[in-house]
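# Examining the three-dimensional arrangement
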Amino acid sequence: MKSMRSTPLQTPPLGGDPDLSIAAVERETGLAKDTLRVWERRYGFPQPLRDAVGDRLYPPEQVQQLKLIRRLLDAGLRPGKVVGLDPSALQALLARKGSASPSILSRTNIHTASPPAVLGPLLDAIGAHDPQALRHALSHAQLRMGLAPFVTELVAPLATAAGEAWAQGRFEVFEEHLFTEVITGVLRHAIASLAPLPAPQRPKVLLTTLPQELHGLGLLMVEALLVLEGCTCVSLGTQTPVGDVVQAAQAHRADVVALSFSNVHSGALVHASLRELRGQLPPATALWVGGACAALYQKPLDGVTALAQLSGLQPLVAQWRHLH
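These numbers were taken from a predicted model, which means no experiment stands behind them.

### Digging into the sheet that holds strand 1 (residues 20–21)
Taking strand neighbours across the sheet as the criterion, the three strands line up as 1-3-2 in an open arrangement whose pairing is antiparallel. Since the sheet does not close on itself, it has two edges, and those belong to strand 1 and strand 2 (49–50), each with one partner. One ladder, built from two bridges, connects strand 2 with strand 3 (residues 56–58); its direction is antiparallel. Of the residues in strand 3, the one forming a bridge with Arg50 is Arg56.

Following this line, the structure appears as structure tokens:
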């Protein structure tokens, strides 16, 4: 979550394009007033000025930025990934979305996402604080659909929808935590219920996140899909220091280290951490990364495979096996 910055009381400058009221910004951008206020509180953007009576006034450059953000949201990105990015970064993302529109790890393509009729009752159960109903519905869906479609066609779009509901102020933090706790339990039970293989299969994959990365749901979805591919998985949970990741990879003789990144970190920090980890891991240990962090896909790093789509896991495993 981006840090909040206080906005001093100001009056609009003379000349140039006029600053807009929040109602005018809503008309210009299609973003609801409540959404703008929630973003201001959670992400520190937009940063409206204030008129003499304290009403919000939005400078033209911020309105243009909000229009870019709206286009990216329409393209399927989450608010937490784009709100507050500078215009050049937003334009770069729009250019990427225009040439290709891959779904990020822990999300699915918009054309395969579950329709609102399927997600609606699940979101209602979260909002009603009814974990039993949510667990029951998800468990039955998993049995009916099978684990792989359940992960890619239901859990991934549901996670996106729950995150967007939180970003828009419809869900509180504890409600998103309720969803995460329930779906984590359902996925772990599904993984544990799979028939064991006669012998451990390679690659052996060590799964974790780095410090300050609390989001482990995407990692768990990846684990479920890897287990279905016959991989041997060792999960360390979240927030493992780089040195401990290296020691664990050596102790478990891992063929692959897989990391998940949400959008809570800056691109520079993510790249620095990956370069440090890559430098300490044996060259033969593959490093796979994925998640909602845009920096993973903007600048490739030597020795690091960035996986933008859940559907890419199966061919990646097949490629590894072909080479080994």
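### A few points about the packing of helix 9 (residues 173–192) against helix 10 (residues 217–228)
At a minimum axis distance of 10 Å, the contact between helix 9 and helix 10 shows a crossing angle of 15°. By the criterion of interaxial angle, the relationship of helix 9 to helix 10 is roughly parallel. By crossing handedness, the relation of helix 9 to helix 10 is classed as left-handed. Side by side, helix 9 and helix 10 meet where Phe179, Ile183, Thr184, Leu187, Arg188 and Ile191 of the first sit next to Leu217, Leu220, Met221, Glu223, Ala224 and Val227 of the second.

### Details of the environment of Ala167
Residue position: Ala167 is located in helix 8 (residues 147–167). Separated by 132 residues in the primary sequence, Ala167 and Thr35 have C-alpha atoms spaced 7.9 Å apart. Once residues lying within four places of it in the same chain are set aside, the contact partners of Ala167 are Val38, Trp39, Arg42, Tyr43 and Pro79.

### Overview of the pairing of strand 7 (residues 286–291)
Judged by how many residues are buried, strand 7 sits mostly within the fold: six of six residues are covered. Judged by which residues are buried, strand 7 turns out to be covered on both faces: Ala286, Trp288 and Gly290 on one side and Leu287, Val289 and Gly291 on the other are all buried. Where strand 6 (residues 256–261) and strand 7 come together, six bridges link them in parallel fashion. Residue pairing for strand 7: Ala258 is matched across the bridge by Trp288. For the segment spanning strand 6, helix 12 (residues 267–280) and strand 7, crossover handedness is right-handed. By the bridge criterion, two bridges tie strand 7 to strand 8 (residues 305–306) in an arrangement that is parallel. Residue pairing for strand 8: Val289 is matched across the bridge by Ala306.

Scoring rules and cut-offs
Residues numbered from 1 in each chain as written. Predicted model: local features only at pLDDT ≥ 70, side-chain atom pairs only at ≥ 80, totals over all residues. Heavy atoms only, no water. Pairing = 2+ DSSP bridges. Helix = DSSP H or I, 4+ residues; strand = E, 2+ residues; numbered from the N terminus. Axes fitted to C-alpha atoms, helices over the stretch in contact; angles between N-to-C directions. Parallel < 35°, antiparallel > 145°, perpendicular 65-115°, else oblique. Left-handed = near helix turned anticlockwise from the far one by under 90°. Contact = heavy atoms within 4.5 Å. Buried < 20%, exposed > 50% of the residue type's maximum accessible area, 1.4 Å probe, protein only. Right-handed = clockwise from strand over helix to strand, strands pointing away.

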